[in-house]
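Chain by chain, the residues run as shown.
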Amino acid sequence: VSPEAYQHFGYKNGQFIVSYFGNMGICQEMETLLDTIRLTKDNPEIQYLIVGHGSKKDRVKEIMKVSPNVKVLDFLVGKEFQQAVSISSVSVVSLEKGLLGTCAPSKYYSYLQGGQPVIAIVEKESYLAQEVQKENIGKYIEIGHSQELADELLYLQAHPEQVQRMGKNAENLYTRQYGIEIGLSKYAQVMHELLEP
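Given the structure is predicted, the values throughout are model-derived calculations rather than measurements.

### A closer look at the sheet that holds strand 4 (residues 90–94)
Part 1: The 6 strands lie next to each other as 3-2-1-4-5-6, forming an open sheet whose pairing is parallel. Looking at strand neighbours, the two that pair on one side only are strand 3 (70–73) and strand 6 (138–142), the edges of this open sheet. In this sheet, neighbouring strand axes are inclined to one another by 20° on average, regardless of whether the strands run parallel or antiparallel.
Part 2: Bridge count for strand 4 against strand 5 (residues 118–122) is 4 bridges, and the pairing is parallel. Its bridge partner being in strand 5, Val92 is matched across the sheet by Ile119.

Here it is as structure tokens:
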């Protein structure tokens, strides 16, 4: 990661940055992450970068008044987005309760493609929780367990080799299971089955 990428967003080289990218609306559970930010607000070793829009963004922005270790930005595109992803140590995906089987957050697959360890704040029955644990690509945290999330982030910050390993596992999972050629092949198979007489 280039030092310029860290400097562009006002971070020091190599800081542990927990990032959230994308919508902050009715489908995304934000309170667990916000409570974790409050719990770690006095620890400069943990930094948070929240990027995106949505009906909960104003609530998210309120956290900046009490937590000096969080930045909230609008959607990023192009080089700026690539820089933000590259400096992220782990990336968060979250879903509200009651959305099992109805919502597949696209940011999850972007994280995998970018080799990002995933923090999944979801219900324990979610496929995300199961895959994150099975593939060792990050950590699953049940909704509302903010102290557990804070403890996990502190642990990961102190063990960069584990973060690196999870990121590599994430990248391998994407290549093995979600790459574009695999997706196109599955799509073609479905269409073939639908069009068969």
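### Points about the side chain of Thr36
Part 1: Mapped onto the elements of the fold, Thr36 is located in helix 2 (residues 31–39).
Part 2: A polar contact of 2.9 Å, which involves the side chain of Thr36, links it to the backbone oxygen of Thr32.
Part 3: A polar contact is formed between the side chain of Thr36 and the backbone oxygen of Ser146, at a distance of 3.1 Å.
Part 4: If we skip the residues at most four places from it in the chain, Thr36 touches Tyr48, Ser146, Leu149, Ala150 and Leu153.

Reading the values: rules and limits
Residues numbered from 1 in each chain as written. Predicted model: local features only at pLDDT ≥ 70, side-chain atom pairs only at ≥ 80, totals over all residues. Heavy atoms only, no water. Pairing = 2+ DSSP bridges. Helix = DSSP H or I, 4+ residues; strand = E, 2+ residues; numbered from the N terminus. Axes fitted to C-alpha atoms, helices over the stretch in contact; angles between N-to-C directions. Polar contact = N/O pair within 3.5 Å; in protein donor to acceptor, adjacent residues only side chain to side chain. Contact = heavy atoms within 4.5 Å.

Scope: geometric values only; no functional claims are made or implied.
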